[in-house]
Amino acid sequence: MKSIKNYLKFLLLLSAVFAVSLNSTGQTADVLDRTILPVAEPVYPAITELDARKVKAPPVFEVKAPKGAPNIVVILLDNFGYAGSSTFGGIMNLPTIDRLAKNGLIYNNFHTEPICSATRVALLTGRNPHSANMGTISEMSTGFPGQTSVLPNGVAPLAKILRFNGYSTAMFGKSHEYVPWESGLTGPFDQWPTGLGFEKFYGNVIGESDQFHPVAHDNTTLAPPSKDPNYYYQTDLADRAIQWIKAQKSLNPDKPFFIYYPTQGMHDPVQLPKAWRDKYKGKVDMGWDKYREEILARQKKLGIVPQNTKLTAKAAIAPDWDKLTADEKKVVTRYQELFAAFAELTDYEVGRVVQAIEDIGALDNTLIIYITGDNGASPNGGRLGVFNTMSTFNQSPETLQYQLETLDEVGDSHSAMTPPAGWSFGDNTPFAYSQLHTQYGGITNGAIISWPKMIKGKGEIRNQYHSVIDIAPTVLEAAGLPQPKMVNGVAQKPIEGFSMLGEFNNPQAKSAHTTQYYEIYGNRGIYKDGWYAATLHKLSWEPQPRNSYANDKWELYNTMEDFSCSNDLSSKFPEKLKELQEAFMAEAVKYNVLPLDDRAQERFNATLAGRPDYMGGRTSLALYPGMIGMKENAFIDLKNHSSSIVAELEAGATSGVIVAQGGSHSGWSLFLKDGKPTYAYNYLGHVTTITASETLPAGPVTITYDFAYDGGGFGKGGIGTISINGKKVGSARIEKTIPFIFGVETSDVGMDLYSTVTRDYIQGDNEFNGKIKKVLVTVK
């Protein structure tokens, strides 16, 4: 009897643990110790009673979100910039942004990192990118702290914190936070979305995606390509998000959700259904110079920028509009028309997700944060844009003639277009430069925040300075949750961002975010108390840095009086400049920014970059049937070397792909056509085909493809030779080869899984019709 009384006392004590109080957002908050995650289960006293009928069971231990905690949705556009949408003065109709802005808040002084992976990790962790080891994109990581791409165990991401605190968590879209040498078929998957705290993930684990043939994953499983001729990736993402939202609220109506929705638009390739492609026909005929002027006028009228804001100087890579030829204008105009339509289509699909939340009655208590880009709009298109963005990444300029010849194909599955840099400067109006630079055009984006239940103002502008690292602490405070001190037994770095919550209903509140550094490839910037200093060490379209780090020229701006950073005050206030330079160095040392690294293409090579290589220095790789969906970072590198492919086949095959890498934008494929071994090499859309003079003989057979590389540098040509059972049956010269990147499409055994390397076979119907015993790929 005594033990039962003690047990009842314990139950009363346990109930006190779950007592509630009101928090700062007006919702009820429990007094569980949520600073140590996962929350420890209570230790129950031993039961001595033999009969279950004579003793009461304790409550089943569950960690629930604080009562009244909101649903959270974070939406992130890709490569869009500050001024593209009509909400921020642009010409592009993005009705979802406009809808949320009219019913919420517009942040006009919000900043991201100058490149996508860095922004995404900063958003998901609340830490500076170098502090979380993501100073650049995953594929260019190095061995230096701050640049490894490996998320420290002491930096628990937001999704994991929310899941441990009773939220359902899901992510739909682009995941560019992965570790390159952990992207193989068999894992590890610790830094894939499911390892970062998302219970559900559907999207692409790489920097970009084909819109018609995406390399998509459902959690960690490769999703099979759709056979629907009308399939479109962004529609698929929205469909799956809507299905998940409805199921989650149906099955767990009292459990809040966290959805991270990083869209694939507007990153290249700019691809969209034919019905959308002429939506902006004729709407950018004024050219990028007039385009910038008109946007700034609208921004002033809308109150997005102060009335004294001036246009910054345009970088020289974008010629004056009236200096372009008629053919050049024809190309660059069409490219931007399609980009604008792509943006509206992306926002349309986001709008379907928002509408689904309203349809189930959950919008009132849903905090939506919609950020208009992960960096400034991209200048990767260069002077005239590119039909195939792999041309830029492989330093192979396209001719105007080629762009004219392919103009009718832009937007379809064979294009991978990026608009010219001139349009990116327009979409970053009124700021200078663009993605990959630390001037304001590279790091400034708009942010829209909607929370009908809690935000009283409608359509109000907030001009407080904020950074993407402020999103995580804002979400945690809105949910009534503390920043954890310990997660999975590992002490946590303090979150480095600052909550924005106090400004939601107080437009005069001062931002706690007073200092913020920026860095990318030696370009540097530092914001401090309204002043901004920056240096252009290396322009993204120039092959070499402009100066040594010590001799870089710094600029200084008073953003309190000069919103666009158009008036350089470095010579007028040298002491202030020195103060900010010293502040940058202090932040750089504190957050692992040093040493600076301005290398470009060579950092795509694991050995040159100094990071682990998935292949571990191997010179050969054995492949077997069923090995499909292998990413470039998890496959043997055949570029810039002589190599061989030896395929051991059973008898009877007449058609289909033996092994392929890449797709319609670049790649190679060894396949059978009409019983003849055939090899196709796709150099940025230009395909060289080598066909054997003989069909396969009866019985088991060995097909060999040998490539003798010319040598003498990157991307050179060579002689390709096909042999059957040791007999040479075909040979031809390949003039140029891909030097750096094949792209996002995969290597596959027994098929060409996504878009096809060659038009000699079709997507979805190219599976090998025989039996492959083994394929050995060797770098010589």
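Everything numeric in this text was worked out from a predicted model, so none of it was measured.

What to know about the overall build of the protein chain
Piece 1. When you go through the protein chain residue by residue, the secondary structure sums to 14 helices and 31 strands.
Piece 2. Here the C-alpha radius of gyration of the protein chain, 28 Å, is about what a compact globule of 780 residues would show, namely 28 Å.
Piece 3. Judged by the C-alpha coordinates and their principal axes, the protein chain covers about 90 × 80 × 50 Å.
Piece 4. Residue pairs at least 24 apart in sequence account for 74% of intrachain contacts in the protein chain once pairs closer than 6 positions are excluded.
Piece 5. With an accessible surface of roughly 29500 Å², the protein chain has 53% of that area assigned to carbon and sulfur atoms.

Considering the side chain of histidine 111
Piece 1. Along the polypeptide, histidine 111 turns up in strand β5 (residues 105–111).
Piece 2. A polar side-chain atom of histidine 111 sits 3.4 Å from the main-chain carbonyl oxygen of isoleucine 443.
Piece 3. Here threonine 444 takes part through its side chain, which lies 3.2 Å from a polar atom of the side chain of histidine 111.
Piece 4. Apart from the residues lying within four places of it in its own chain, the contact partners of histidine 111 are Tyr440, Ile443, Thr444, Tyr465, His466, Ser467, Val468 and Tyr518.

Some remarks on the nonpolar core
Piece 1. Of all hydrophobic cores here, the largest spans 92 residues; its most connected members are Met92 and Tyr261.
Piece 2. Examining the composition of this core, we find that 15 residues originate from one element, helix α7 (residues 326–359), more than from any other.
Piece 3. For tyrosine 261, the residues in contact, after removing those within four places along its chain, are Val74, Ile75, Leu76, Phe172, Gln234, Leu237, Ala238, Ala241, Val350 and Val353.
Piece 4. If you look at the next biggest cluster of nonpolar residues, it comprises 52 residues, including Ala122, Trp451, Ile455 and Met500.

Concerning the sheet that holds strand β3 (residues 36–37)
Piece 1. Taken in spatial order, the 3 strands make up an open sheet running β3-β15-β16, and their pairing is mixed. Of all strands in the sheet, those bounded by a partner on one side alone are β3 and β16 (490–491).
Piece 2. Looking at chain direction, β3 and strand β15 (residues 486–487) are connected through 2 bridges and run parallel. Across the sheet, the residue bridging to leucine 37 is valine 487, located in β15.

Some details on the pattern of salt bridges
Piece 1. Counted under the stated rule, the structure contains 33 salt bridges.
Piece 2. Here aspartate 98 and lysine 102 are joined by a salt bridge, their closest N and O atoms 3.1 Å apart. In this pair, aspartate 98 and lysine 102 are both assigned in helix α2 (residues 95–102), 4 residues apart and thus about one turn of the helix distant.
Piece 3. Where glutamate 735 meets arginine 733, a salt bridge forms, and the shortest distance between an N and an O atom there is 3.3 Å.
Piece 4. On the basis of relative accessibility, which here comes to 53%, the residue glutamate 735 falls in the exposed class.
Piece 5. The exposure class assigned to arginine 733 is partly exposed, which follows from its relative accessible area of 35%.
Piece 6. A single salt-bridge network, built from bridges that share partners, covers Asp78, Arg120, Lys174 and Asp374.

Considering the environment of lysine 485
Piece 1. Position of lysine 485 among the secondary structure elements: in the loop between α12 (471–478) and β15.
Piece 2. Lysine 485 sits 10 residues away from isoleucine 495 along the chain, and the two C-alpha atoms are 9.8 Å apart.
Piece 3. Apart from the residues lying within four places of it in its own chain, the contact partners of lysine 485 are Thr35, Val490, Ala491 and Gln492.

Looking at the packing of aromatic side chains
Piece 1. By the definition in use, this model includes 31 aromatic pairs.
Piece 2. Between the aromatic rings of tyrosine 291 and tryptophan 423, the centroid separation amounts to 5.1 Å while the plane-to-plane angle is 85 degrees, which identifies the pairing as edge-to-face. Here tyrosine 291, found in helix α6 (residues 287–302), pairs with tryptophan 423, found in helix α10 (residues 421–427); they are 132 residues apart in sequence, far enough to count as distant.
Piece 3. The exposure class of tyrosine 291 is buried, given its relative accessible area of 1%.
Piece 4. In this structure tryptophan 423 comes out as buried when scored by relative accessible area, which is 0%.
Piece 5. Taken together, a centroid distance of 6.3 Å and an interplanar angle of 10 degrees make the contact between tyrosine 433 and tryptophan 541 stacked. Note that tyrosine 433 is positioned in the loop between α10 and α11 (440–443) and tryptophan 541 in the loop between β19 (531–535) and β20 (554–558), a separation of 108 residues in sequence.
Piece 6. Following the ring pairs from residue to residue traces out a cluster consisting of Tyr82, Phe88, Phe431, Tyr440, Tyr518, Tyr532 and Phe563.
Piece 7. It is lysine 279 that lies over the ring of tryptophan 276; its NZ or CZ is 5.4 Å from the centre.

What counts as what
Residues numbered from 1 in each chain as written. Predicted model: local features only at pLDDT ≥ 70, side-chain atom pairs only at ≥ 80, totals over all residues. Heavy atoms only, no water. Helix = DSSP H or I, 4+ residues; strand = E, 2+ residues; numbered from the N terminus. Rg over C-alpha atoms; globule rule 2.2 N^0.38 Å. Contact = heavy atoms within 4.5 Å. Areas by Shrake-Rupley, 256 points an atom, 1.4 Å probe, with all protein chains shown as cover. Polar contact = N/O pair within 3.5 Å; in protein donor to acceptor, adjacent residues only side chain to side chain. Core = buried A, V, L, I, M, F, W, Y, C linked by side-chain atoms within 4.5 Å. Buried < 20%, exposed > 50% of the residue type's maximum accessible area, 1.4 Å probe, protein only. Pairing = 2+ DSSP bridges. Salt bridge = Lys/Arg side-chain N within 4 Å of Asp/Glu carboxyl O. Phe/Tyr/Trp six-rings, centres within 6.5 Å; stacked < 30°, edge-to-face > 60°. Lys NZ or Arg CZ within 6 Å of the ring centre and 35° of its normal.

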